[in-house]
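The residues making up each chain are set out below.
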Amino acid sequence: MYVIRGSNCISCGKCQDICSGNNVIHEGEHFFYIDETKCSNCGKCMTVCPMTAIVKTEEKVSENLPKGLQYTEKPIVFFEKAGKKNTAKVLELAKERALSLNIRDVVLPTTTGKSALEAIDFFGPDFNIVVIPCMYGRFKPGEHTLEPEYEKKLRKADVPVIFAPYFFSGVDRAIYREWGGMSSTLIVRQTLKLFGEGIKVCVEVTIVGADAGAIPIDKEVIALGGTIRGFDTAMVIQPAHSLQFFDIGLREIICMPRKRIPWQPM
Ligand code: SF4
Ligand code: SF4
């Protein structure tokens, strides 16, 4: 399977010219992508690209199998440790998967704002980035966690920055802190955290983005997540609103830490 890395592409159109099946699509001013459902994997486009922007991925589609038995093999990258040191690789993998699936919507969390700015820069203007910062009061009542210099740049970046309550927190977590006990919301939260903090965060920012009307609910999005700071997890998710929580589709894990961090106090 072949994908075009948008960050290297100079929009020369040579790949489109050589593809006899018209499988290279040109959208907007600069956006080229390969329609994986039609591509015959001949590789010709890769040979003419002057910027080595076209790469072969490890994805494989089953061939000659009857409908219902077909499958796609895709790699999942497992990081040795959770945390922000994985941010650059997460962005690279997430963008590659977005391009191969023709996904343009990316929803992501941020604590200080730094990783959100990195993502906005890395994905570029062809993507709709939605930033969900930590809610007010996460660490100190009445305060958010964005650092002033990053907040200023985020405000200028012309992307939605949505402060909203964490879907899996709110009054359930307040009750837990005061009196203990477990609500159904917290059980769902902790179950997702069994896979890792980043998986839970991916689901949470997707719900928040959907409820704010900032991401579509009729097509898949890329969701990023992390552990405390930065990114260490990326997924392909079919969004849903919180009221239809069980309609959410966790389609693909792109990357995640292999081991989750020890349980933290709620
Ligand atoms: S690999 Fe071949 S069929 Fe696929 S987009 Fe490139 S030139 Fe077209
Ligand atoms: S040949 Fe390469 S640089 Fe030119 S449009 Fe295609 S991907 Fe972009």
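Residues numbered from 1 in each chain as written. Chains lettered and ligands numbered in written order. Predicted model: local features only at pLDDT ≥ 70, side-chain atom pairs only at ≥ 80, totals over all residues.

Draft legend 1. How the structure looks around the overall build of the protein chain. When helices and strands are tallied, the protein chain shows 8 helices and 12 strands. Of all 266 residues assigned to the protein chain, the portion counted as buried reaches 35%. Sequence-distant contacts, at least 24 apart, represent 65% of the contacts inside the protein chain between residues at least 6 apart. (Helix = DSSP H or I, 4+ residues; strand = E, 2+ residues; numbered from the N terminus. Buried ≥ 20, exposed ≤ 12 C-beta atoms within 10 Å, placed from the backbone. Contact = placed C-beta atoms within 7 Å.)

Draft legend 2. The site of ligand 1, seen in detail. Close contacts around ligand 1 come from 14 residues, with Cys19, Asn23, Cys39, Cys42 and Cys45 the closest. Tallied by class, residues from the shell around ligand 1 come to 8 nonpolar, 5 polar and 1 charged. (Near = placed C-beta within 6 Å. Nonpolar A, V, L, I, M, F, W, Y, C, P; charged D, E, K, R; others polar.)

Draft legend 3. A look at unusual backbone geometry. Residue serine 11 is not a glycine yet carries a positive backbone phi of 60°. Of note, serine 11 is situated in the loop between strand S1 (2–4) and helix H1 (14–18). With phi around 60°, aspartate 158 is a residue other than glycine that occupies positive phi space. Here aspartate 158 shows up in the loop between helix H5 (148–156) and helix H6 (170–179).

Draft legend 4. Region of the structure containing the packing of helix H4 (residues 114–123) against H5. Interaxial distance between H4 and H5 falls to 9 Å at its minimum, and their mutual angle equals 35°. Along this stretch, H4 crosses H5, giving a crossing that reads as left-handed. Of the residues in H5, those in contact with Lys114, Ala116 and Leu117 of H4 are Tyr150, Lys153 and Leu154. Here the residues of the contact of H4 with H5 sort into 4 nonpolar, no polar and 2 charged. (Axes fitted to C-alpha atoms, helices over the stretch in contact; angles between N-to-C directions. Left-handed = near helix turned anticlockwise from the far one by under 90°.)

Draft legend 5. Local environment of the sheet that holds strand S7 (residues 77–79). The strand order across the open sheet formed by 6 strands is S7-S12-S11-S10-S8-S9, and the pairing between neighbours is mixed. The open sheet is flanked by S7 and strand S9 (128–133), the only strands paired with a single partner. Across the sheet, the axes of successive neighbouring strands diverge by a mean angle of 30°, strand direction being ignored. Two elements, strand S8 (residues 105–110) and S9, share 6 bridges in a ladder whose sense is parallel. When the sheet's bridge partners are listed, valine 107 is paired in S9 with valine 130. Those strands touched by H4 are S8, S9, strand S10 (221–227) and strand S11 (229–238), and its axis lies near 160° from that of S8. Packing against the sheet, helix H8 (residues 197–211) makes contact with S8, S9, S10, S11 and strand S12 (249–257), and its axis sits at approximately 135° to S10. (Pairing = 2+ DSSP bridges.)

Draft legend 6. Main features of helix H3 (residues 87–101). Across its 15 residues, H3 extends 21 Å between first and last C-alpha, which sits within 8% of the 21 Å expected from 1.5 Å per residue. Buried residues of H3: Thr87, Val90, Leu91, Ala94, Lys95, Arg97, Ala98, Leu99 and Ser100, and no others. Phi for asparagine 102, located one or two positions after H3, is positive at around 55°. (Expected span 1.5 Å × (residues − 1).)

Draft legend 7. Region of interest: H6. Of all the 10 residues making up H6, 0 are buried; the element is thus mostly uncovered. Just past H6, the residue glycine 180 takes up positive phi, approximately 80°.

Draft legend 8. Here's a closer look at the domain arrangement of the protein chain. Each assigned domain of the protein chain is listed with its residue range as follows: domain 1 (2–73) and domain 2 (77–257). Averaged C-alpha coordinates put domain 1 and domain 2 at centres separated by 29 Å. Each partner contributes residues to the interface: domain 1 has 12 residues there, and domain 2 has 6 residues. Listing elements by their share of the side of domain 1 that touches domain 2, those giving two or more residues are S1 and strand S3 (31–34). Split into classes, the residues belonging to the side of domain 1 that touches domain 2 amount to 4 nonpolar, 5 polar and 3 charged. (Domains from an automatic or database assignment.)

Draft legend 9. The arrangement of the pairing of S12 in detail. Bridging between S7 and S12 involves 3 bridges; their strand directions are parallel. Residue phenylalanine 78 lies in a different strand from S12, and its bridge partner there is methionine 256.

Draft legend 10. Highlighting the environment of alanine 88. For alanine 88, the location among the structural elements is in helix H3. The exposure class of alanine 88 is partly exposed, given the 14 C-beta atoms found within 10 Å. Taking the C-alpha atoms as reference points, alanine 88 and alanine 119, separated by 31 residues in sequence, lie 8.8 Å from one another.

Draft legend 11. Region of interest: the site of ligand 2. Around ligand 2 lies a shell of 15 residues, among which Cys9, Cys12, Lys14, Cys15 and Cys49 are the nearest. Per-class residue counts for the shell around ligand 2 are 12 nonpolar, 2 polar and 1 charged.

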